[in-house]
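# Tertiary structure, described
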Amino acid sequence: MARSHRFLAPLSPLAFAAGRLGNFINGELPGRVTTEPWGMVFQGAGALPRHPSQLYQFALEGVLLFVILWIFSAKRRPLGAVSALFLIGYGALRFGVEFFREPDDFLGLLALNLSMGQWLSLPMIVTGIGMLVWAWRQPQKV
């Protein structure tokens, strides 16, 4: 049971990846308007091409984060280190992708021109860093 975090934390991004593919298929959570050649027109989001931000999230918060956590968790780490890296990685990747995602209509951009998703990612990153520092200060490894 003590080693379950080394198994569950790396698999969590795959669940996020599946959800983001569902968002893409349903045309939910479209990106911001773009002139990039891979921009897509989403039904219900206007006639202008938009970033397929759901696919960015699938690739980064899903596949890339899974690979990072899988490699990191392959070695013995202090208790909480894998979960901490998950929080840091998910928060940081989500923060970055939010620059390409259309902010919620009812909120828009908030203070410092950041979206709600970016503001919610910051505590995850800070908490993950704190957890990682705490984990590496613990004497035992699991």
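Now for a quick tour of the structure. Being a predicted model, the structure only gives us computed values, none of them experimental. (Residues numbered from 1 in each chain as written. Predicted model: local features only at pLDDT ≥ 70, side-chain atom pairs only at ≥ 80, totals over all residues. Heavy atoms only, no water.)

### Let's talk about the side chain of R101
Where we set the bar: Numbering of helices and strands starts at the N terminus; helices are DSSP runs of H or I of at least 4 residues and strands are runs of E of at least 2. Throughout, a residue-residue contact means that at least one pair of heavy atoms, one from each residue, lies within 4.5 Å.
By the element assignment, R101 lies in the loop between α3 (81-97) and α4 (116-137). Not counting residues within four places of it along the chain, the set of residues in contact with R101 comprises L29, P30, G31, R32, S53, Q57 and R94.

### What about the packing of α3 against α4?
Packed helices, taken two at a time, are described by the angle between their axes plus the distance between the axes. The test is simple: Between the N-to-C directions of two axes lies an angle of 0 to 180 degrees, each axis being a line fitted to C-alpha atoms and, for a helix, fitted only over the stretch in contact. By the definition adopted for this analysis, an angle is roughly parallel if under 35 degrees, roughly antiparallel if over 145, roughly perpendicular if from 65 to 115, and oblique otherwise. Two helices crossing with the near one rotated counterclockwise from the far one by less than a right angle form a left-handed crossing, whereas a clockwise rotation gives a right-handed crossing.
Remark: α3 packs on α4, axes separated minimally by 7 Å, with the N-to-C direction vectors making an angle of 155°. As summarised for this structure, α3 and α4 are arranged roughly antiparallel, according to the angle between their axes. The crossing of α3 and α4 is left-handed.

### Topic: the packing of aromatic side chains
The test is simple: Working definition: a ring pair exists when centres of Phe, Tyr or Trp rings (six-membered ring for Trp) sit within 6.5 Å. Plane angles under 30 degrees give stacked, over 60 give edge-to-face, the rest tilted. Working rule: Lys NZ or Arg CZ, within 6 Å of ring centre, within 35 degrees of ring normal, means a charge sits over the ring.
As enumerated under the stated definition, the model contains seven aromatic pairs in all. Taking 5.6 Å as the distance between ring centres and 35° as the angle between the ring planes, the aromatic pair formed by F66 and W70 counts as tilted. Here F66 and its partner W70 are both found in helix α2 (residues 53-73), four residues apart, which amounts to about one turn of the helix. Here F95 and F99 contribute two aromatic rings whose centre-to-centre distance is 5.7 Å and whose plane-to-plane angle is 80°, an arrangement assigned as edge-to-face. Clustering of aromatic rings is evident, with ring pairs tying together F16, F86 and Y90. Taking NZ or CZ as reference, R77 lies 4.1 Å from the ring centre of F72, over its face.

### Description of α2
Quick note on the threshold: Expected span of a helix, by definition, is 1.5 Å for each gap between consecutive residues, and there is one gap fewer than residues. Under the scheme applied here, a residue whose accessible area is under 20% of the maximum for its type counts as buried, over 50% as exposed, and between as partly exposed, the area being computed with a 1.4 Å probe on protein chains only.
Over its 21 residues, α2 extends 28 Å from the first C-alpha to the last, a length consistent with the 30 Å expected when each residue adds 1.5 Å. Burial in α2 covers these residues: S53, Q54, Y56, Q57, E61, G62, L65, L69, F72 and S73.

### Comments concerning the nonpolar core
This is how it is decided: Side-chain atoms within 4.5 Å link the members of a nonpolar core, which is a set of buried Ala, Val, Leu, Ile, Met, Phe, Trp, Tyr and Cys residues.
Residues A9, L65, L69, F72, A81, V82, L85, F86, L87, Y90, L93 and A135 constitute the largest nonpolar core, which totals twelve residues. Contributions of two or more residues to this core are made by α2 and α3. A per-element tally of this core places α3 first, with seven residues. When neighbours within four sequence positions are excluded, L87 is seen to be in contact with M124, I125, T127, G128 and M131.

### Focus on the pattern of salt bridges
Rules: Each reported salt bridge corresponds to a side-chain nitrogen of Lys or Arg within 4 Å of a carboxyl oxygen of Asp or Glu.
Applying the stated criterion across every chain, the model contains three salt bridges. A salt bridge links E102 to R50; the shortest N-O distance between them is 3.0 Å. Here E102, found in the loop between α3 and α4, pairs with R50, found in the loop between α1 (4-26) and α2; they are 52 residues apart in sequence, far enough to count as distant. Judged by relative accessible area, E102 falls into the partly exposed class, the value being 31%. Put simply, R94 and E98 hold a salt bridge, and the shortest N to O gap is 2.8 Å.

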